[in-house]
Amino acid sequence: MISKKDSLVKFLKEKPLIIWGARMTGMGFLRFSSSNDLNVINFVDSDPSLLGKEINHTIVRSPKDLALLKKLNPDLVIIIAVALKEDEIVNSLDGMGFTKDDFVLYSDYCDVFYTIDIVGTCNLRCASCAYTIDGQKFSKGLMSLDDFKLVVAKMKSEVDLVTHVSLYNWGEPFLHPDLNKIIQHLHENGIAAAVSSNLSIVNGDQIRKVINAAPEYLKVSLSGYYPDVYDVTHGGGDINLVKANLYRIRYFIDKFKVNTIVDVNYHLYTNNNGKNLKKMQELCDELDFSLSSVNSLVMPLERVIDYVEGKDEAKTAELNKILPVTIEEGIEIASEYKLDSCPFMHNQVNINYDMSVPVCCTVFDQTDTIVQKNYLESSLSDISNGKDKVKMCTKCMNLNLPAYNMGFNRKKWDEIALEKISTDL
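The following refers to the structure shown. Predicted model, so just to flag it, every value in this text is computed and none were measured.

1. Digging into the overall build of the protein chain
If you tally the helices and strands in the protein chain, you get 18 helices and 17 strands. For 425 residues, the compact-globule estimate of 2.2 N^0.38 gives 22 Å, and the protein chain sits close to it at 21 Å. On the principal axes, the C-alpha backbone points of the protein chain span a range of 60 × 50 × 45 Å. Here the protein chain holds 425 residues, and 57% of them are scored as buried. Of note, the protein chain has its 46 positive side-chain charges centred 3 Å away from the centre of its 57 negative side-chain charges.

Right, here's the structure in full:
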């Protein structure tokens, strides 16, 4: 019987292809395309921070260009390669006059996306993160390189296509001494690598080794340009060290001639959305890095549920005061998008450093949300069956928190944020 992989390659062979989605899922499909001699002519993405960027010699264009691209390439096929928000993109294509014959949902062929939290701790205590929860118990540790190789082998044995892996969830992957070797192992297996970091990292040699390993995607999370603002929401970090490391990364990208996309993920609050944001944009422009701003959320999932249920959590209430969109406002926006199923739950397999498998990437409490204790000893059906038994998921769906966590209707989020009084003038 022909595999999903072979079926996809056969269908796409000799056709001009557009990848809608210029982040990790799309980058993974580009690596897959290169390995199978497919003809990708462009990326398309609605994020203005990515427009005009070049990802492995492939330009990112606007969805507005699709009509012209189709006219120039009558056999054009659009690959919707995103982990989330597929329905929004399908609706956009429908509004442009494209039919179901014009596009392929990559998730129909690659229906499991893997996240491996290779580090079970973080060096910072950011205000919106799980690590700031008082009384929260969490284990610490690293996934060994040998165990990581076993995980990759199992992934490849259980699904037809594994094109990319995210090497982070709650932990700081730059704390792993073998991060470069982990990235190299993924590449040796034809898998693209995504890394996220607060980049408040003293070890300059670690940065050199990681960039030399050439991860496809490096997200840098921060929340200000000046220390007085950054320190409020990125506890324990050093923004001047972060900025120095951004220059180091630019140097090593140029020195090693790698194609790593650096995406500075700027967490918006009402205390950092003016002069701090402007200065960080100028720095990213200088270094030719993308800057993607995002209205900050409170994480993890159980923290939001506790807040909604009125449980006393002073830090969450205090943080809510400086969110561009409060928890209440965000949930109200999300209520406009009733989801039949949870995309976080059904299309992801998340693996912690100790091999335990949580129900999704938005939870942190390991008391009630671990669906299997050892990924290596669990089948995909075991994992799926375990997810169906997590009681928190019912609360989450009733509150429509998946749509809240995905930030559906960014336009409405931004409208509310603009109404808030900024202290960053």
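2. Focus: the packing of aromatic side chains
Tallied over the full model, the rule gives nine aromatic pairs. Seen in terms of ring centroids, Phe-29 and Tyr-106 are 5.0 Å apart; in terms of plane orientation they differ by 75°. Their pairing is edge-to-face. Residue Phe-29 is located in helix 2 (residues 24-35), and its partner Tyr-106 is located in the loop between strand 6 (103-105) and strand 7 (113-116); the two are separated by 77 residues in the primary sequence. Measuring from centroid to centroid gives 5.1 Å for Tyr-337 and Phe-408, while their planes differ by 35°, and the two rings are tilted.

3. A short note on the sheet that holds strand 14 (residues 290-295)
The strand order across the open sheet formed by seven strands is 14-13-11-10-9-7-15, and the pairing between neighbours is parallel. At either end of the open sheet lies a strand with only one pairing partner, and these are strand 14 and strand 15 (348-351). Neighbour-to-neighbour, the strand axes of this sheet turn through a mean angle of 25°, independent of strand direction. Bridge count for strand 11 (residues 217-222) against strand 13 (residues 261-268) is six bridges, and the pairing is parallel.

Here is what the cut-offs are and how they apply
- Residues numbered from 1 in each chain as written.
- Predicted model: local features only at pLDDT ≥ 70, side-chain atom pairs only at ≥ 80, totals over all residues.
- Heavy atoms only, no water.
- Helix = DSSP H or I, 4+ residues; strand = E, 2+ residues; numbered from the N terminus.
- Rg over C-alpha atoms; globule rule 2.2 N^0.38 Å.
- Buried < 20%, exposed > 50% of the residue type's maximum accessible area, 1.4 Å probe, protein only.
- Lys, Arg positive; Asp, Glu negative; His and termini not counted.
- Charge placed at Lys NZ, Arg CZ, Asp CG, Glu CD.
- Phe/Tyr/Trp six-rings, centres within 6.5 Å; stacked < 30°, edge-to-face > 60°.
- Pairing = 2+ DSSP bridges.
- Axes fitted to C-alpha atoms, helices over the stretch in contact; angles between N-to-C directions.

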